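Each chain, written out:
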Amino acid sequence: MTKRPTSLRGFIQRFSEAPIFEYLADERGTSLVEFAIVLIPLAMLLLGVIGFGHALYAYHFVNNAAKEATRWAAVNGSTCNADGSCNGTFPMNNGPASSADIDAYVQNHIPPGINPTRVTTSACGVSDKPACAESTPVICNPFPNYPTCTVQV
């Protein structure tokens, strides 16, 4: 027959020596739980950085494509001929720029990682569109994309 503890201290000491508390005091597996807790925010942070990087890449492409297409449309103004007689840059000039030409120019310069079906263009101040609202010279009204007139993509 086992002797029962007579004091509270003896009771606590005997109770804490029970096999179940020895098992619970073992800390094996805690690193697995901590890893699972840390992995979720770390994965969310990593995927957020990747998503933000792709959004920044797409924004940079759209900005650069608009600048390049605007420059291309400005160089191919209404005074250009199809023989490349204006500005002395024959490969770039193929006559007055139209909105279809600008769209083809942008579609041909899409980098990898950008879906070409999601890229659309709109322009003003080219041969088949009216002059842009920002064009102040009177000569821009009958002749869009005339020298000194505004081109916008």
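Preceding this section is the structure that the text describes.
Predicted model, so just to flag it, every value in this text is computed and none were measured.

From N to C terminus, the protein includes 4 helices and 0 strands. When the helices and strands of the protein are read in sequence order from the N terminus, they spell out α-α-α-α. Of all 153 residues assigned to the protein, the portion counted as buried reaches 22%. Pairs at least 24 apart in sequence give 48% of the contacts found in the protein among residues at least 6 apart.

Our next topic: the packing of aromatic side chains. Two descriptors summarise a pair of aromatic rings, namely the distance from one centre to the other and the angle between the planes of the rings. This model, assessed by the stated rule, comprises 1 aromatic pair. Ring centres 5.2 Å apart and planes at 15° place the aromatic pair Trp 72 and Tyr 105 in the stacked group. Highlighted residues: Trp 72 in helix α3 (residues 30-75) and Tyr 105 in helix α4 (residues 99-108), separated in sequence by 33 residues. According to the relative accessible area criterion, Tyr 105 is buried, its value standing at 17%.

On to the packing of α3 against α4. Two elements in contact, α3 and α4, have axes separated by 10 Å at closest approach and are oriented at 135°. Regarding the angle of α3 to α4, the classification is oblique. Viewed along their axes, α3 and α4 form a crossing whose handedness is right-handed. Contacts from Ala 65, Glu 68, Ala 69, Trp 72 and Ala 73 of α3 reach α4 at Asp 101, Ile 102, Tyr 105 and Val 106.

A surface patch of nonpolar side chains, amounting to about 600 Å² of accessible area, comprises Val 33, Ile 37, Val 38, Leu 42, Leu 45 and Val 49. Locating Val 38 in the fold gives a position in helix α3.

In this structure, Phe 61, Ala 73, Ile 102, Val 119 and Val 126 are the most contacted members of the largest nonpolar core, which totals 15 residues. Those elements giving two or more residues to this core turn out to be α3 and α4. Residue contributions to this core peak at 5 residues, all from α3. Ile 102 has contacts with Ala 69, Trp 72, Ala 73, Ala 123, Val 126 and Val 153, leaving out every residue within four places of it along the chain.

Within the span of α4, buried status applies to Ser 99, Ile 102, Tyr 105 and Val 106. End-on view of α4: buried residues confined to an arc of 120°, all on one side of the axis. Facing away from the buried side of α4 by over 90 degrees, the exposed positions are Ala 100 and Asn 108. Lining the buried residues of α4 we find α3.

Our next topic: the environment of Ser 98. Here Ser 98 lies in the loop between α3 and α4. Distance in space between the C-alpha atoms of Ser 98 and Ser 78 is 9.6 Å, their sequence separation being 20 residues.

Thresholds applied
- What you see as residue numbers is a count from 1 along each chain, following the sequence as written.
- Reporting in this predicted model follows two pLDDT cut-offs: at least 70 for local features of residues, and 80 or more for side-chain atom pairs to be given and counted; totals over whole chains, interfaces and linings ignore these cut-offs and use all residues.
- Hydrogen atoms and water are omitted, and side-chain values are computed over all heavy atoms in the structure.
- Secondary structure elements follow DSSP: runs of H or I of four or more residues count as helices, runs of E of two or more count as strands, with numbering from the N terminus.
- Burial classes: relative accessible area under 20% of the type maximum marks a residue as buried, over 50% as exposed, and values in between as partly exposed (1.4 Å probe, protein chains only).
- Working rule for contacts: check all heavy atoms of both residues, and any pair within 4.5 Å makes them a contact.
- Only Phe, Tyr and Trp rings take part, Trp by its six-membered ring, and two of them pair if their centres are within 6.5 Å. Stacked means planes under 30 degrees apart, edge-to-face means over 60, and tilted covers everything else.
- Fitting a line to C-alpha atoms yields each axis, with helices limited to the stretch in contact; the angle taken between N-to-C directions then spans 0 to 180 degrees.
- Orientation labels follow simple angle bins: below 35 degrees gives roughly parallel, above 145 gives roughly antiparallel, 65 to 115 gives roughly perpendicular, and whatever is left gives oblique.
- Crossing handedness is read from the near helix: turned anticlockwise from the far helix by less than a right angle, it gives a left-handed crossing, and turned clockwise, a right-handed one.
- Residues with no salt bridge and a relative accessible area higher than 30% make up the patches, which join like charges within 9 Å and nonpolar side chains (Val, Leu, Ile, Met, Phe, Trp, Tyr) within 5 Å.
- A 1.4 Å probe and the Shrake-Rupley method give the accessible areas. Residues count as covered only by the protein chains that appear here.
- The term salt bridge refers to a pairing of a side-chain nitrogen on Lys or Arg with a carboxyl oxygen on Asp or Glu at a separation within 4 Å.
- The set of buried Ala, Val, Leu, Ile, Met, Phe, Trp, Tyr and Cys residues whose side-chain atoms join them within 4.5 Å is what this entry labels a nonpolar core.
- Throughout, the arc means that of the directions going from the helix axis to the C-beta atoms.

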